[in-house]
Amino acid sequence: MIRRTQAERSDETTARLVRAARELFGAGGYAETSIDAIAAAAGVTKGAAYHHFGGKVALFRAAFVAELETVDGELLKVAAEEPDPWAALRRGCHTFLARCLDAGFRQIVLLDAPSVLGWEAVREIEYEHMLRVLLGGLRLAVAEGQAPDGDLPVRAQFVFGALCEAGMLLARSADPAADLPRLAAEADRFLEALRL
């Protein structure tokens, strides 16, 4: 039998807590989810949850970051599959909007994160994830002559803001899947206005 190190056991406990937090915060929202329930779902004690995260907000932040990391992976996959930077940018926007159909993502990222973590903290974290990928896509499009040069970090914020608003429309929709094609078409029109 191979003995695991304390660091390996700690990493496993942390991962279990984050998985349980994503599931429960995504299903019931921040306000309705207790740290006790998360600890129980992860198969650890409440004390272990506090030891690894210090409290419910820190555990929510970890769940939020994990959601963004999942989207990052999807966006980077799209970028790798699509040789044309503008097409990759467009597909990336569609990928983000499609991700907004996931109820857990909507609850954690769009509905709860701004109130739990604060708008500035949310944007700071998003900048390290989705906004970084979007800015990279815009830079590639400019380098390929598909979009005008300019203040690309600001432009990325504009595009991301529009996508987040579309995501909020999906989050509050009675039928997000039915509304997705209409919002994706409007995202395409918005992007076309930025193109050379």
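In the annotation of an unreviewed UniProt entry, the entry for the protein reads TetR/AcrR family transcriptional regulator, and the organism field reads Nonomuraea rosea.

1. A word on the environment of Asp72
Take Asp72: it is sitting in helix 4 (residues 56-81). A sequence separation of 25 residues divides Asp72 from Leu97, and the C-alpha atoms of the two residues are 13 Å apart. Residues contacting Asp72, with those up to four places away along its chain left out, are Glu128, His129, Met130, Arg132 and Val133. A distance of 2.8 Å separates a polar atom in the side chain of Asp72 from a polar atom in the side chain of His129.

2. Description of the layout of surface pockets
To locate leftover empty space, one rolls a probe as large as a water molecule over the atoms. Estimates place the volume of the largest pocket at around 290 Å³. Taken together, 18 residues form the lining of the largest pocket, with Ala88, Leu89, Val133, Leu134 and Gly137 sitting closest to its centre. When residues in the lining of the largest pocket are grouped by element, the largest group, six residues, is from helix 5 (residues 85-99). Here the second largest pocket defines a volume of roughly 190 Å³. For the second largest pocket, the full set of lining residues is Val109, Leu110, Pro114, Trp119, Val122, Arg123, Glu126, Gly161, Cys164, Glu165 and Met168. Listed by contribution, the elements that provide at least two residues to the lining of the second largest pocket are helix 6 (103-117), helix 7 (119-127) and helix 9 (152-171). For the lining of the second largest pocket, the per-class residue count stands at seven nonpolar, one polar and three charged.

3. Observations concerning the packing of aromatic side chains
Aromatic ring pairs are described here by two measures, namely the spacing of the ring centres and the angle between the planes. Applying the stated criterion across every chain, the model contains five aromatic pairs. Look at Phe25 and Tyr30: their rings are 5.6 Å apart centre to centre, the planes differ by 20 degrees, and that puts the pair in the stacked class. Phe25 gets classed as buried once you look at its relative accessible area, which sits at 0%. An angle of 55 degrees between the planes, with centres 6.0 Å apart, marks the rings of Phe96 and Phe160 as tilted. Here the residue Phe96 occupies a position in helix 5, and Phe160 occupies one in helix 9, the gap between them amounting to 64 residues. Both residues of the pair, Phe96 and Phe160, belong to the buried class. Ring pairing ties together the aromatic residues Phe25, Tyr30 and Phe60, which thus form one cluster. For Lys56, the ring lying beneath its charged end belongs to Tyr30, and the centroid distance is 4.2 Å.

4. Thoughts on the pattern of salt bridges
Tallied over the entire structure, the rule returns 15 salt bridges. The salt bridge partner of Arg91 is Glu82, with a shortest N-O separation of 3.4 Å. Using a relative accessible area of 30% as the deciding quantity, one classes Arg91 as partly exposed. Ionic contacts of the salt-bridge type, sharing partners, join the residues Arg22, Glu67, Glu74, Arg99 and Asp102 into one network.

5. Digging into helix 1 (residues 6-28)
Helix length check: helix 1, at 23 residues, gives a terminal C-alpha distance of 32 Å against a target of 33 Å (1.5 Å per residue), a fit within 8%. Looking at helix 1, one finds that the buried residues are Thr13, Leu17, Val18, Ala20, Ala21, Phe25 and Gly26. Buried residues belonging to helix 1 abut helix 2 (35-42), helix 3 (46-53), helix 4 and helix 6. Once helix 1 finishes, Gly29 follows within two positions and takes phi at roughly 85 degrees, a positive value.

The rules behind these values
Residues numbered from 1 in each chain as written. Predicted model: local features only at pLDDT ≥ 70, side-chain atom pairs only at ≥ 80, totals over all residues. Heavy atoms only, no water. Helix = DSSP H or I, 4+ residues; strand = E, 2+ residues; numbered from the N terminus. Contact = heavy atoms within 4.5 Å. Polar contact = N/O pair within 3.5 Å; in protein donor to acceptor, adjacent residues only side chain to side chain. 1 Å grid on protein atoms, 1.4 Å probe; cavity = no way out; pocket = protein on both sides within 12 Å on 5 of 7 lines; lining within 4 Å. Points joined across faces, edges and corners; volume = space filled by probe spheres on them. Nonpolar A, V, L, I, M, F, W, Y, C, P; charged D, E, K, R; others polar. Phe/Tyr/Trp six-rings, centres within 6.5 Å; stacked < 30°, edge-to-face > 60°. Buried < 20%, exposed > 50% of the residue type's maximum accessible area, 1.4 Å probe, protein only. Lys NZ or Arg CZ within 6 Å of the ring centre and 35° of its normal. Salt bridge = Lys/Arg side-chain N within 4 Å of Asp/Glu carboxyl O. Expected span 1.5 Å × (residues − 1).

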